[in-house]
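Next come the chains, spelled out residue by residue.
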Amino acid sequence: MASIGEFDPLHSTVPATKIEVSVSCRNLLDMDTFSKSDPGSNLSFFFFVQFGRTEMIDNTLNPDFVRKFVLDFFFEEKQNLRFDDFLGQTFCTLGEIIGSAGGRLERTLSGIPGKKCGTIIFTAEELSNCRDIATMQLCANKLDKKDFFGKSDPFLVFYRSNEDGTFTICHKTEVVKNTLNPVWQPFTIPVRALCNGDYDRTVKVDVFDWDRDGSHDFIGEFTTSYREFSRGQSQFNVYEVRAKSQNDGTNDTQLNFTVAIDFTASNGNPSQPTSLHYMNPYQMNMYAMALKAVGEIIQDYDSDKLFPAYGFGAKLPPDGKISHAFPLNSNTDDPNCVGIEGVLEVYFQSLRSVQLYGPTNFAPVINQVARSAKEVTDGSQYFVLLMITDGVISDMVQTKEAVVNVRTHHSLSNFTKSHKTPLALLSMEELDGDEVRVSSRGRYAERDIVQFVPFRDYIDRSGNQVLSMARLAKDVLAEIPDQLLSYMKSRGIEPRPALPNTNNSQSLSLRI
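Residues numbered from 1 in each chain as written. Predicted model: local features only at pLDDT ≥ 70, side-chain atom pairs only at ≥ 80, totals over all residues. Heavy atoms only, no water.

Looking at an unreviewed UniProt entry, one finds the chain named C2 domain-containing protein and attributed to Denticeps clupeoides. One UniProt comment on the chain, placed under Sequence similarities (unreviewed entry), says "Belongs to the copine family." (UniProt positions renumbered as here; feature names shortened; annotations may be inferred.)

Draft legend 1. Structural detail: the overall build of the chain. The number of helices and strands found in the chain is ten helices and 30 strands. Counting only residues that meet the buried cut, the chain has 53% of its 512 residues in that class. Carbon and sulfur atoms make up 50% of the accessible area of the chain, which amounts to about 23900 Å² in all. (Helix = DSSP H or I, 4+ residues; strand = E, 2+ residues; numbered from the N terminus. Buried < 20%, exposed > 50% of the residue type's maximum accessible area, 1.4 Å probe, protein only. Areas by Shrake-Rupley, 256 points an atom, 1.4 Å probe, with all protein chains shown as cover.)

Draft legend 2. Summary view of helix α4 (residues 286-298). End to end, α4 covers 19 Å across 13 residues, agreeing with the expected 18 Å (1.5 Å per residue, within 8%). For α4, the tally of buried residues reaches ten of 13 residues, placing the bulk of the element in the interior. Of all the residues in α4, the buried ones are Tyr 287, Ala 288, Met 289, Ala 290, Leu 291, Ala 293, Val 294, Gly 295, Ile 297 and Ile 298. (Expected span 1.5 Å × (residues − 1).)

Draft legend 3. Examining the sheet that holds strand β7 (residues 104-108) more closely. With respect to topology, four strands assemble into an open sheet ordered β4-β1-β8-β7, the strand pairing being antiparallel. Across the chains shown, the open sheet's two edge strands, defined by having one partner strand only, are β4 (69-73) and β7. In this sheet, neighbouring strand axes are inclined to one another by 30° on average, regardless of whether the strands run parallel or antiparallel. With eight bridges connecting them, strand β1 (residues 17-26) and strand β8 (residues 119-126) associate as antiparallel partners. In the sheet register, Arg 26 faces β8, and the bridge partner there is Thr 119. (Pairing = 2+ DSSP bridges. Axes fitted to C-alpha atoms, helices over the stretch in contact; angles between N-to-C directions.)

Draft legend 4. Examining the environment of Ile 120 more closely. With respect to the helices and strands, Ile 120 occurs in strand β8. Between the C-alpha atoms of Ile 120 and Glu 106, which are 14 residues apart in sequence, the distance is 5.8 Å.

Draft legend 5. Examining the pairing of strand β10 (residues 154-161) more closely. Here β10 lies mainly inside the structure; eight of its eight residues are buried. Summarising the sheet, β10 and strand β11 (residues 167-172) pair through five bridges and their orientation is antiparallel. The residue bridging Arg 160 from the neighbouring strand is Thr 168, located in β11. Once β10 ends, the chain turns through five residues before running back antiparallel as β11, passing Gly 165 with a positive phi of about 90°.

Draft legend 6. Main features of the pattern of salt bridges. Under the defined criterion, the tally for this structure stands at 14 salt bridges. Close ionic contact of Asp 72 with Lys 18 constitutes a salt bridge, the shortest N to O distance being 2.7 Å. Separated by 54 residues along the polypeptide, Asp 72 in strand β4 and Lys 18 in strand β1 bring together distant segments of the chain. Across the pair Asp 64 and Arg 26 runs a salt bridge, and its minimum N-O distance is 2.9 Å. Remark: Arg 26 occurs in strand β1 and Asp 64 occurs in the loop between β3 (49-53) and β4; sequence separation between them is 38 residues. (Salt bridge = Lys/Arg side-chain N within 4 Å of Asp/Glu carboxyl O.)

Draft legend 7. Representation of the nonpolar core. In terms of nonpolar packing, the biggest core is built from 65 residues, with Val 21, Phe 122 and Phe 263 touching the most fellow members. At nine residues, the largest contribution of residues to this core is made by α4. Of all hydrophobic cores here, the second largest spans 26 residues; its members include Met 136, Leu 156, Phe 158 and Val 191. (Core = buried A, V, L, I, M, F, W, Y, C linked by side-chain atoms within 4.5 Å.)

Right under this line is the structure:
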């Protein structure tokens, strides 16, 4: 295993979460004339400096690699990855893998024009701090005979269960030739690799008959746990090797990302270069840059990539009615936009059709999103509202009331931009509960659900807006993981691991 701990181009000292990434491929391009391809993947990280590689597996177009990549994960940063070998390559971010349903992301490989290079599958899981090591030895009795002219050549494959009911390979034994009663060599494995420190987590063991061409015959399987394994310290464990299994899945938590944009007149006329909404034909304005920087990171954790987008503080056509929560796509029944690019598109369209006006009222949008969030309280979804504003807030009393009323239902990230009214920043900062919890009429917000970030602190005077926007996004999103955990704890919601069921013959013994 490897760690990117020593590769830190930004010299960050922020503690990181260790993430293990597993790699599998399906339907790879067959490049061998008389046998199947022998794949092995390289991983490049961040600026595409080579980080590590899997083992090479002989004669298969559908490899499941045992060797893992262990990476330091920062929720608030965009961590680019590239996987490649001679069969193809793909690009993604670490956040995309983690944010996919069940931590499982599937991508198409590319590299050979006109050819289908297959798909690559990533599975990510946060590693525990368990440092236990297990040494085991297994043997089997009366396995099925799979070879026509001889006995089987059995080997074992160990898998740990995932939250979505799937399994991730974690160990392979050697092949024992020509026997139905094999005795495998003792081996040592970190408990973290076997069950990530959860002694009751399901472990599946498959028994295969090895074939030279890679089309190994399935003999059977059994399921157990490390706690059961460990009983073998004093006596043999005996398992029946069964032919079939079925798995029950569970759900995970997905982020629902909503954006609200300030369309008040204090931002300036969009046709003028001094406006924060300036429609520059050659580059994005400040609002668009902030939206893109934050949105491109958080969209990795929103599985459907459909983002409700609202505006506030504008007069709308055709009658000039003022609205403080209007859908940017003009569809009140479905305010969703496809991806961050879709949000940017309707944002620019709105600039051409609405009249910037005022006042700057936050409460209507907060209440709008809160109503949606209150319908989902089982931990399957978590709502994040990004409000982009010039910092002049008109309904502070009502906004505080809305934040306190939200209580445990969603996270609110406030991004503020102002050069002309620094006192408004102080008013805005009243919503950030880092030091003092937001209160209204004697009631306090149950959790700190507000992250306040003044945009002026991130303007790069040298013109390097890419780096400054990366820093902005990092700080805007920094508190969301803790806010999510706080919500889960306050609701008593626990992660729910998958528990496979098995149904039916042969035996295998283990000593640990």
